[in-house]
Amino acid sequence: LNAAFHTAVEPLEWLLVSKVRGSLYLLWGGAALVLLIAAMNVTNLMLARASTRRQEIACRAALGASRYQLARQLTIENLLLGGSGGAAGLGLGYLLLAALGRFGLDRFPRAAEVRIDAAVVAVSIGLALLAILLVGFAPLFDSWRVSASSALREATRGGTSGVSARRVRQGLVAAEIGFAFALLIGAGLLMMSFRNLLNTDAGFDREGVWTASTNASRARYEKDADLVALTDRLLRGVRSLPGVKAAGATSVIPLGGNYNDSVILAEGYQMKPGESLISPHQSVVTPGYFEAMGIDLVRGRYFDERDRAKAPLAIIIDERL
């Protein structure tokens with residue numbers, strides 16, 4: 001209880017995305033804005049096209065076409081346009097995922113689950129249908145709003161679309177510019193945050209540091225002395241390579257996510273009720289590790305060859321502990 005160890009039951013979805021939920025929502029918002037900008041752009045183009053087709057639609061209405069028949073014609077045209085756009089988007093997404101795989105996407109956590117499957121296709125088709133309905137409603141409403149007689153009179157005068165239609169298109173353009181600026185500002189803030197993250201002092205120097213992992217078989221290296229001898233041979237070989245300034249071994253790579261923690265109890269100290277214990281992360285390292293990682297030593301000395309099994313115990317702690 002003093003160490004605050006307890007059991008917490010959480011939904012599986014929250015456990016999987018708890019650390020990236022905010023980032024996912026941000027990405028979804030950006031994707032939704034891009035879709036909205038594209039939908040408004042296409043709506044604007046279709047409104048401009050509908051203004052040139054008023055005479056065509058008026059002639060069809062004058063020849064006896066009902067509103068249902070006109071709506072069916074325009075809806076089919078929109079379905080063909082939106083369907084081809086949705087298919088092209090899915091194809092482009094597939095190609096982009098394949099291209100990202102060549103640049104190391106498989107190194108990200110759960111990267112194998114990032115794929116275009118039936119769920120992605122279903123959501124994409126649903127979004128395409130929704131976009132078709134939203135985009136196609138404005139030209140359809142504009143064609144219904146104008147009577148056949150007025151449209152034919154405009155044709156004889158060589159007139160263009162009305163003031164209200166132009167205002168709607170101008171409003172769509174203004175909204176597109178506003179959403180685009182919102183995306184640019186958000187992208188700029190994300191880039192600044194990423195740059196600040198890269199400049200954060202992690203406590204070690206990652207430049208020029210190379211890592212490799214080993215797995216010694218217990219069947220061959222049964223005793224601790226055998227493992228120590230193996231490690232010594234490996235480190236001597238690495239240090240003899242040209243260009244190597246320092247080399248060391250560790251049980252935990254910084255920020256690697258694999259760590260060991262324990263509880264520290266001060267000898268003779270009586271804990272107060274509810275007081276939390278100290279539970280630091282613990283790493284086992286060899287001489288040369290701190291020098292290879294560029295970790296500054298505030299006081300004392302680094303580990304060296306004197307720190308063997310029969311030597312007095314030595315420990316290096318951080319400033320917080």
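Residues numbered from 1 in each chain as written. Predicted model: local features only at pLDDT ≥ 70, side-chain atom pairs only at ≥ 80, totals over all residues. Heavy atoms only, no water.

Chemist: Give a description of the side chain of glutamate 176 that names residues and reports values.
Modeler: Relative to the helices and strands, glutamate 176 resides in helix H7 (residues 163-198). Given the relative accessible area of 14%, glutamate 176 is considered buried. Once you skip the residues sitting within four places of it in the chain, glutamate 176 turns out to touch Ile37, Met40, Asn41 and Asn44. (Helix = DSSP H or I, 4+ residues; strand = E, 2+ residues; numbered from the N terminus. Buried < 20%, exposed > 50% of the residue type's maximum accessible area, 1.4 Å probe, protein only. Contact = heavy atoms within 4.5 Å.)

Chemist: Break down the nonpolar core for me, citing the residues and quoting the values.
Modeler: Formed by Phe204, Val285, Tyr289, Phe290, Met293, Ile295 and Phe303, the largest nonpolar core amounts to seven residues. In contact with phenylalanine 204, other than residues within four places in its own chain, are Pro254, Leu255, Met293, Gly294 and Ile295. (Core = buried A, V, L, I, M, F, W, Y, C linked by side-chain atoms within 4.5 Å.)

Chemist: An account of the pattern of salt bridges is needed here, citing residue identities and associated values.
Modeler: Counted according to the given criterion, the structure contains five salt bridges. Where arginine 301 meets aspartate 307, a salt bridge forms, and the shortest distance between an N and an O atom there is 3.0 Å. Assessed through its relative accessible area of 23%, aspartate 307 is described here as partly exposed. Here aspartate 304 and arginine 306 are joined by a salt bridge, their closest N and O atoms 2.6 Å apart. Through salt bridges with shared partners, one network takes in Arg301, Asp304, Arg306 and Asp307. (Salt bridge = Lys/Arg side-chain N within 4 Å of Asp/Glu carboxyl O.)

Chemist: Could you give an account of the side chain of asparagine 78, with specific residues and numbers?
Modeler: Relative to the helices and strands, asparagine 78 is located in helix H4 (residues 67-102). Those residues in contact with asparagine 78, other than ones at most four positions away along the chain, are Met46, Ile132 and Gly136.

Chemist: Mind laying out H4, listing which residues take part and the relevant values?
Modeler: Residues three or four positions apart in an α-helix share a direction because the helix packs 3.6 residues into each turn. Compared with an ideal rise of 1.5 Å per residue, which puts 36 residues at 52 Å, H4 spans 52 Å between its outermost C-alpha atoms and is within 8% of the ideal. Restricting attention to buried positions, one finds in H4 the residues Leu70, Ala71, Leu74, Asn78 and Gly82. One or two steps after H4, the chain reaches glycine 104, where phi turns positive at roughly 95°. (Expected span 1.5 Å × (residues − 1).)

Chemist: So what's going on with the layout of surface pockets? Which residues, and what values?
Modeler: Roughly 2,800 Å³ of internal volume is contained in the second largest pocket. Contributing elements (two or more residues each) for the lining of the second largest pocket: helix H1 (12-17), helix H2 (21-52), H4 and helix H5 (118-145). Of the residues forming the lining of the second largest pocket, the biggest block, 12 residues, is contributed by H2. Class assignment for the residues of the lining of the second largest pocket results in 34 nonpolar, nine polar and seven charged. (1 Å grid on protein atoms, 1.4 Å probe; cavity = no way out; pocket = protein on both sides within 12 Å on 5 of 7 lines; lining within 4 Å. Points joined across faces, edges and corners; volume = space filled by probe spheres on them. Nonpolar A, V, L, I, M, F, W, Y, C, P; charged D, E, K, R; others polar.)

Chemist: Please give an account of the packing of helix H3 (residues 54-62) against H4 that cites residues and values.
Modeler: Viewed as axis vectors pointing N to C, H3 and H4 meet at an angle of 140°, and their least axial separation amounts to 10 Å. By the angle class used here, H3 and H4 are oblique. For the pair H3 and H4, the crossing hand works out as right-handed. On H4, the residues touching Glu56, Ile57, Arg60 and Ala61 of H3 are Leu70, Gln73 and Leu74. Among the residues forming the contact of H3 with H4, the class breakdown is four nonpolar, one polar and two charged. (Axes fitted to C-alpha atoms, helices over the stretch in contact; angles between N-to-C directions. Parallel < 35°, antiparallel > 145°, perpendicular 65-115°, else oblique. Left-handed = near helix turned anticlockwise from the far one by under 90°.)

Chemist: Explain the packing of aromatic side chains to me, and be specific about the residues and the numbers.
Modeler: Going through the model one piece at a time under the given rule, you end up with four aromatic pairs. Considering the side-chain rings of tyrosine 25 and tryptophan 28, the 5.8 Å spacing of their centres and the 65° angle between planes classify their relative orientation as edge-to-face. One end of the pair is tyrosine 25 and the other is tryptophan 28, both in helix H2 and three residues apart, which spans about a single turn. By relative accessible area, tyrosine 25 is classed as partly exposed at 48%. Taken together, the ring pairs connect Tyr289, Phe290, Tyr302 and Phe303 into an aromatic cluster. (Phe/Tyr/Trp six-rings, centres within 6.5 Å; stacked < 30°, edge-to-face > 60°.)

Chemist: Any chance you could break down a nonpolar patch on the surface for me, citing the residues and the numbers?
Modeler: On the surface, a cluster of nonpolar side chains totalling about 700 Å² of accessible area is made up of Val173, Ile177, Phe181, Leu184, Ile185, Leu189 and Met192. Take phenylalanine 181: it is sitting in helix H7. (Patch = residues over 30% accessible without salt bridge, like charges linked within 9 Å, V, L, I, M, F, W, Y side chains within 5 Å. Areas by Shrake-Rupley, 256 points an atom, 1.4 Å probe, with all protein chains shown as cover.)

From the geometry alone we can't say anything about function, so treat these as descriptive.
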